[in-house]
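Given next are the chains, with one letter for each unit.
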Amino acid sequence: MTERARAEGRAGVWSGSWVAERLGVELAGDGTLTGLLGLALRRNPKRAHLLVSNVLGKHVPQSPSVVYGHGVALGRRVRELLGAEAAERAVVLGYAETATGLGHSVADGLGPAPYLHSTRRPVTGVARAGGFEESHSHATSHLLLPEDPALLAGDGPLVLVDDEFSTGNTVLNTVRALHERYPRKRYVVVALVDMRSPADAGRLEELARDIGARVDLVTAASGTVRLPEGVLEKGQDLVARYETRIAEPAPARPSGSVGRVDLRWPGGVPDGGRHGFTAAQRDRLESALPGMAERIAEALPTGARRVLVLGFEELMYAPLRLAHTLEQTTDADVRYSTTTRSPVLAVDDPGYAIRTRLVFPAHDDPADGPGERYAYNVAGAGFDAVVAVVDSAADTSALHAPDGLLARLAAHVPHVLLAVVPSYVPEAPQAPQASERPSMLPEPLRGPDFSSYAPDEVGWLLQDLSDVTLEAPTEEREEAIQSGGAHYAESLPVEYQPSEQYQKLFHAALETSATRLARAVGAVTEIVLAERSPRPVLVSLARAGTPVGVLMRRWAQFRHGLDLPHYAVSIVRGRGIDANALRWLADRHDPADVVFVDGWTGKGAITRELAAALSDFEVSDGITGFDPEIAVLADPGSCVRTYGTRDDFLIPSACLNSTVSGLISRTVLRADLVGPHDFHGAKFYRELAGADLSPDFLDAVSARFPDVADTVDAQAKELLSADRAPTWEGWAAVERISEEYGIHDVNLVKPGVGETTRVMLRRVPWKVLARAGAGADLDHVRLLAEQRGVPVEEVDDLPYTCVGLIHPKYTRGATGADGKAVAL
């Protein structure tokens, strides 16, 4: 591709025809759809084709007035839908990275609404107000980091903006997560295109009924993608053939000039909506835009007729508004697009949406590590100059390196200008004064008054709620949790004495696995002692982590004569770790010596929850030093680097509820029971003492310590020298299962033997997926499944021994994925 005519394609050629002809993909919808969207290919195990927007300004350079105009027009439609009064109280939330600029433009069209966009960039010193998953990511994809914590807490409408509404998964995950924490009566979902399939079309209405709120949808166009049989395999074959043939323009020595322009960005105005953007800040930016555009125009080379303003990943709005103002105030033909994390195949054909691709290394020190980044349809597009706009966090040596973005641009464009916008970081709030906290937190609870463990085995940083009735039938809890009417930590499942048959199974499993458990306990303890601290403070995440913490303490005593302190604290998904427990620990121990302990990993939800909670705690209290890395007995999810084994096998402490965990319930966090200066709560089931197997479990494993000592030494040495970096390989399986089985919520997919067991005991199970050929490790799961009438389905290529599926769309009497009761 050379001149402008080639860059924009032959007149009348749709930029999706190349893919459509080769794969038989059909874009069906209203007349505006093909003008808004083209098609491209990417290497993806779920969907080979990619819808490429012509008006978003991400992959395809476009007139900034077109890009901005589409967003503003959608915002005005939302204002008409809500009415003036409700619009005044609305908050707009955009999605990183693709829709950050679109969301901001919608907020401009809506009126004085404050704007916030999610981010994949953690910011030191800024507390998290929430986070939610996007189905294709292995980590918490979206963080919410508002400067004003009250931004999301109002009762006005929440307007959620994304570029494309396809399955609806991301929006559903967002609304559920936010409604749980910040309930409100109205939501509006905004997207450029609605591409939901008929199967997904009703899920938004179902969500609205479940949470008791109104949810509207506003889009610029709608349609569906019709896919023929075998399209995924055909698409993957196409990608494989063309990746080596037409990847990007041949590397060239930079021949263009690289300069810098000082924008004189107005002080105190954020670079975007990562921490919120208010109406007053919008007014200040509007006043400064003409002057900044004038400085860019003056820095452009004489005679530059075709200019690209290139934004940077999440930094979309600031370069869009600069480009828009430049377009309005100069005679140049201005286009706008941004760099991106998304790898897409490039094919130089006018019927294909991605004509060229520039590849360069990430240059903002991303939290998830180094990687490639991309700029599409820039090379060969006939631009006389490119204005690269980045924030100051991304103005690094990698940006200016010989293989960096600036050099890659200069190899294809005569003139490159760098404009740097200062990265906005809110001022850290003052840590609470000592007078604002309780003068003294209580000492830990210990057995035999609380738990059946010996008093020196563990101290529980909890409050005793044994006299409070908290139990509810499993079916009632499940319906309340899935409808958004209750959080799982606000009640407890009914505890029961295990049947004689199940107790026999537990003892048989313990006899079989005790040696294996002892090796894993020894290995993880040795790694902790070698890498974390010679005298660690073990802090178990109650309750699954507590038996493991006790065993690690026993190993340190047996092997090294160490008497390690050991405590149990509460952590709640979506609510974080008990901050009062952290304060108690920081008062009595060096936080750097604290090692958090859990039983096993599933898909890594608690791993991410702990990291986010500790970051929030540093901001709120100014106390640093706690290490978020969890030590676990087994890491089948490959989510941590401190573990005894990555095998997915039966850990008997997962089999039974309180009767193998010191007779302690799972933890409780409810506002009427747990005040701001209280530890989280739990119950001690003294009445189940006759069925208590906690000492049996601990003693059976500890008794094998002498037999495995030499093996543990070798295993620990091997692990210490190995690459133990988390791969999160189990997460991909969870995503795939969620989609294949029509669940569309990764929180209802519980991978691994331990998590599956807990589903069978405490939730409403729908079915169990078992790895073909799995043996005795699944005996207890099969028994539970038989007792509860749950089907067990054998599948191939499962990275876990088994996966438990919680019933989706649960209502009492439901038996199918559609949530409807049917006669069996």
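Note that this is a predicted model, so its numbers are computed, not measured. Once a new chain begins, its residue numbering starts again from 1 and follows that chain's sequence as written. Totals for whole chains, interfaces and linings use every residue, but because this is a predicted model, local features are given only for residues with pLDDT of at least 70 and side-chain atom pairs only at 80 or more, for both listing and counting. To obtain the side-chain values, all non-hydrogen atoms of the structure were included, while hydrogens and water were left out.

Caption draft 1: Region of the structure containing the nonpolar core. Grouped together as the largest cluster of nonpolar side chains are 135 residues, with contacts concentrated most on Leu 41, Leu 110, Val 159, Val 190, Tyr 352, Val 387 and Leu 409. A helix here means a DSSP run of H or I that spans at least four residues, while a strand means a run of E at least two residues long, and both kinds are numbered starting from the N terminus. Tallying contributions element by element places strand 9 (residues 186-194) first for this core, with 7 residues. The contact criterion used is simple: two residues touch if any of their non-hydrogen atoms lie within 4.5 Å. With near-sequence residues (within four places) excluded, Leu 41 lies in contact with Trp 18, Val 19, Leu 23, Ala 48, His 49, Leu 238, Val 239, Val 344, Leu 345 and Tyr 352. As used here, the term nonpolar core means buried Ala, Val, Leu, Ile, Met, Phe, Trp, Tyr and Cys residues forming a set that is joined through side-chain atoms within 4.5 Å. Only protein chains enter the calculation, and the probe is 1.4 Å; a residue is then buried if its accessible area is under 20% of its type maximum, exposed if over 50%, and partly exposed in between. Grouped together as the second largest cluster of nonpolar side chains are 53 residues, Trp 460, Ala 634, Phe 649 and Ala 654 included.

Caption draft 2: A look at the environment of His 412. Position of His 412 relative to the elements: it lies in the loop between helix 13 (405-410) and strand 17 (415-421). Sequence-wise, His 412 and Asp 384 are 28 residues apart; in three dimensions their C-alpha atoms are separated by 9.7 Å.

Caption draft 3: Quick look at the packing of helix 7 (residues 169-181) against helix 8 (residues 203-211). Each axis is a line fitted through C-alpha atoms, taken for helices only over the stretch in contact, and angles between the N-to-C directions span 0 to 180 degrees. Running from amino to carboxyl end, helix 7 crosses helix 8 at an angle of 10°, the nearest separation of the two axes being 11 Å. By the angle class used here, helix 7 and helix 8 are roughly parallel. Judged by residue contacts, Asn 169, Val 171, Leu 172, Val 175, Arg 176 and His 179 of helix 7 engage Arg 203, Leu 204, Leu 207, Asp 210 and Ile 211 from helix 8. Ten residues, namely Ala, Val, Leu, Ile, Met, Phe, Trp, Tyr, Cys and Pro, are considered nonpolar, four, namely Asp, Glu, Lys and Arg, are considered charged, and the remaining ones, Gly among them, are considered polar. Of the residues contributing to the contact of helix 7 with helix 8, the split by class is 6 nonpolar, 2 polar and 3 charged. Any angle that falls under 35 degrees is termed roughly parallel, while one over 145 is termed roughly antiparallel, one within 65 to 115 roughly perpendicular, and all others oblique.

Caption draft 4: Representation of the pairing of strand 10 (residues 214-226) within the structure. If DSSP finds at least two bridges between two strands, the strands pair. The pairing of strand 1 (residues 26-29) with strand 10 spans 4 bridges and is antiparallel. What sits directly across from Glu 26, in strand 10, is Arg 226. By the bridge criterion, 8 bridges tie strand 9 to strand 10 in an arrangement that is parallel. Considered in strand 10, the bridge of Ala 191 is made with Thr 219. The crossover handedness rule: strands pointing away from the viewer, path from first strand over the helix to second strand clockwise, crossover right-handed. With respect to chirality, the unit in which strand 9 leads through helix 8 into the neighbouring parallel strand 10 is right-handed.

Caption draft 5: Spatial organisation of the pairing of strand 17. With 5 of 7 residues buried, strand 17 lies mostly within the body of the structure. Pairing geometry for strand 11 (residues 257-261) and strand 17, over 5 bridges, is parallel. In the strand pairing of strand 17, Val 261 is matched with Ala 419. Where strand 16 (residues 385-391) and strand 17 come together, 7 bridges link them in parallel fashion.

Caption draft 6: Broad picture of the pattern of salt bridges. For salt bridges, the criterion is a side-chain nitrogen of Lys or Arg within 4 Å of an Asp or Glu carboxyl oxygen. Within the structure shown, the criterion is met by 39 salt bridges. Each of the salt bridges in this network shares a partner with another, and the network as a whole consists of Asp 108, Arg 282, Glu 286 and Arg 321.

Caption draft 7: Just the side chain of Glu 164, in detail. One can find Glu 164 in strand 8 (residues 158-165). Glu 164 gets classed as buried once you look at its relative accessible area, which sits at 14%. Aside from chain neighbours lying at most four places away, what touches Glu 164 is Arg 47, Leu 51, Ala 191, Val 193 and Met 195.

Caption draft 8: Quick look at the sheet that holds strand 1. Pairing in this open sheet of 6 strands is mixed, and the strands run 1-10-9-8-4-5 from one edge to the other. Each having just a single partner strand, strand 1 and strand 5 (115-117) make up the two edges of the open sheet. Strand-to-strand twist in this sheet, taken as the mean axis angle between neighbours without regard to direction, amounts to 25°. Two elements, strand 4 (residues 91-94) and strand 8, share 4 bridges in a ladder whose sense is parallel. Paired with Val 91 across the bridge in strand 8 is Leu 158.

Caption draft 9: Structural detail: helix 23 (residues 779-788). Buried within helix 23 are the following residues: His 780, Val 781, Leu 783, Leu 784 and Ala 785. Taken from the residues just after helix 23, Gly 789 is the one with a positive phi, measuring 70°.

Caption draft 10: Layout of the sheet that holds strand 30 (residues 765-771). Pairing in this open sheet of 4 strands is mixed, and the strands run 29-32-30-31 from one edge to the other. Only two strands of the sheet have a single partner each, and these edge strands are strand 29 (749-751) and strand 31 (792-795). The sheet shows a mean angle of 25° between the axes of neighbouring strands, direction not considered. Bridging between strand 30 and strand 32 (residues 802-806) involves 5 bridges; their strand directions are antiparallel. Its bridge partner being in strand 32, Val 768 is matched across the sheet by Gly 804.

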